[in-house]
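A closer look at the structure
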Amino acid sequence: MSSLNSSSDIRIVLHTTATDLLVSVEPFILPNREREANIWLPHARKTARREQRSPQQAESSNMASTVGVANQQKKASQLDQFWLSCWSPRRGTSNAYSLDFILACTSSLLGPYPIFLYANLLSRLLTFSFLSERIPRLVDRLAGLVKTSRVFSVFGPTPVTQAFVTSWSRQTCSDPFEDAFYAAKFSTCTRDSLAPVGSPLPFGHTLQLAGPQDEEAAAVLCKEFADDSVFFPLEYSDALKEAKEMIRNQQLWTYYIQTPNGGQVLACIVACTRTTENVVAVNKVYTNLTCRSQGWLFGQRKDSVVLYVAHDNEPAERAYHRVGFGGLCGTPTAEFEVEDWLEIGFKNTERGHW
């Protein structure tokens, strides 16, 4: 662990490399919380692989571990990425700790990500007192590491996001937007809950991994998807960059339908960019405006597929419910807990993308 910052018995740890983070936290997460960790774990794994290919860069990034807390903070403020973890002592022990939270301050090809928050326990166990003892300490450490303008939004389980926004606003005088950027249910489809495959594809329709020939058509839908979000629009050049990256990494699926004149049009794209051994996230589903309400979805060979579905997107919720995602359309699930997640944005910041 790179550094410890103790207040009472709760510890906040700064990780300046993904390698250091994963060594510290994975034993406390896997295998039981692999689904919930999907918001940050795949990116951390990818970053760690890059660090291993370039040990000199990782060593440089991790210099903070040897130069003291004040210099660590100065060093971290110069990094593109870092992580904070929050730990509490286990009851009845003096030197054993349990992982409570992870805060990810990371970036992608198109710029900084929101601040991602992960709780290592169920939302219903996140009491006011539990949060109020820990989130302000995470916020205090983060405030010493980044400019206020870097925190353009925060995304995590609803009670964690709300606690963060309250504490961050109080400490930094940041002004949050009244309306949420995103409010969604976090749902899972497993092999057992997956609905049987329906009828074969209609004649002239094709479903496949995207290839280089799909780049421009996929970029158009990537741009429309981003523009639909209002808060994170993309220029076409950036959408093309995103499409090329996903296609290169075999993370984008395409569904073409036949037009009346015998040609084909790209009707739908599905992106699955966050994947680990047993879990894949569907993090982008967009259907061409002329092809909607026809109920297409894609799958991968994993034990679980996870996604976020917005509270106000009833057509999508019904479609995912039919596929086998649990806890949607008012249907309870006993296998796992469907949690509410929330993204809140801040005014006068430098907005990134995700």
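Described in the following lines is the structure provided in the data block. (Residues numbered from 1 in each chain as written. Predicted model: local features only at pLDDT ≥ 70, side-chain atom pairs only at ≥ 80, totals over all residues. Heavy atoms only, no water.)

Ordered in space as β10-β11-β12-β15, the 4 strands form an open sheet in which the pairing is antiparallel. Taken across any chain shown, the strands that pair with only one partner, and hence form the sheet edges, are β10 (206–209) and β15 (284–287). Going across the sheet, the axis of each strand differs from the next one's by a mean of 20°, ignoring polarity. Taken together, the 4 bridges between β10 and strand β11 (residues 252–258) define a ladder with antiparallel strand orientation. The residue of β11 that forms the bridge with L209 is W253. (Pairing = 2+ DSSP bridges. Helix = DSSP H or I, 4+ residues; strand = E, 2+ residues; numbered from the N terminus. Axes fitted to C-alpha atoms, helices over the stretch in contact; angles between N-to-C directions.)

In this section: the side chain of E339. Structurally, E339 can be placed in strand β17 (residues 339–345). With no salt bridge to any partner, buried E339 finds its closest opposite charge in R33, at an N-O distance of 4.8 Å. A polar contact of 2.9 Å, which involves the side chain of E339, links it to the backbone nitrogen of S123. Sequence-distant contacts of E339, defined by excluding residues within four places in its chain, comprise L121, L122, S123, A184, K185 and F186. (Buried < 20%, exposed > 50% of the residue type's maximum accessible area, 1.4 Å probe, protein only. Lys, Arg positive; Asp, Glu negative; His and termini not counted. Salt bridge = Lys/Arg side-chain N within 4 Å of Asp/Glu carboxyl O. Polar contact = N/O pair within 3.5 Å; in protein donor to acceptor, adjacent residues only side chain to side chain. Contact = heavy atoms within 4.5 Å.)

Moving on to helix α9 (residues 314–323). Burial in α9 covers these residues: A316, E317 and Y320. Along the long axis of α9, the arc covered by the buried residues comes to 100°, so they all point the same way. Facing away from the buried side of α9, by more than 90 degrees, are the exposed residues E314, P315 and R322. Turning to α9, the residues buried within the fold contact β9 (182–190), β15 and β16 (304–310). Where α9 terminates, the next one or two residues include G324, which has phi positive at roughly 130°. (Arc of directions from axis to C-beta.)

A word on the packing of aromatic side chains. As enumerated under the stated definition, the model contains 20 aromatic pairs in all. Ring centres 4.9 Å apart and planes at 80° place the aromatic pair F28 and W87 in the edge-to-face group. Taken together, the residues F28 in helix α1 (residues 18–29) and W87 in strand β3 (residues 82–89) connect sequence positions 59 residues apart. Given the relative accessible area of 2%, W87 is considered buried. Aromatic side chains F152 and F232 sit 6.1 Å apart centroid to centroid with 70° between the ring planes, which places their arrangement in the edge-to-face category. On the criterion of sequence distance, the pair formed by F152 in the loop between α5 (128–143) and β8 (153–157) and F232 in the loop between α7 (215–228) and α8 (236–248) is long-range, its members being 80 residues apart. Grouped by ring-pair contacts, the aromatic residues Y113, F116, F155, Y182, F186, Y308, W341 and W354 constitute a single cluster. Over the face of the ring belonging to F130 we find R134, whose NZ or CZ atom lies 3.7 Å from the ring centre. (Phe/Tyr/Trp six-rings, centres within 6.5 Å; stacked < 30°, edge-to-face > 60°. Lys NZ or Arg CZ within 6 Å of the ring centre and 35° of its normal.)

With the exception of glycine, most residues fall at negative phi, and the peptide bonds are largely trans. With an omega of 5°, the peptide bond running from L30 to P31 counts as cis. Mapped onto the fold, P31 is located in the loop between α1 and α2 (41–53). Despite not being glycine, C173 has its phi angle at roughly 60°, a positive value. Considering the arrangement of structural elements, one finds C173 in the loop between α6 (158–172) and β9. For C173, a relative accessible area of 69% translates into the label exposed. Unusually for a residue other than glycine, Q250 sits at a positive phi of about 55°. Position of Q250 among the secondary structure elements: in the loop between α8 and β11.

Next up on the list: α1. For α1, the complete set of buried residues consists of A18, D20, L21, L22, S24, V25, E26 and I29. Residues of α1 that are buried sit in contact with β2 (10–15), α2, β3, β4 (97–105) and β7 (115–119).

What follows covers the pairing of β9. Residues in a regular strand project their side chains so that they alternate between the two faces of the sheet. Where burial is concerned, most of β9 is hidden: 7 out of the 9 residues are buried. Across 5 bridges, the pairing between β9 and β17 is antiparallel. Across the sheet, residue A183 finds its bridge partner in β17, namely L342. Here β9 pairs with β16 via 7 bridges, running antiparallel.

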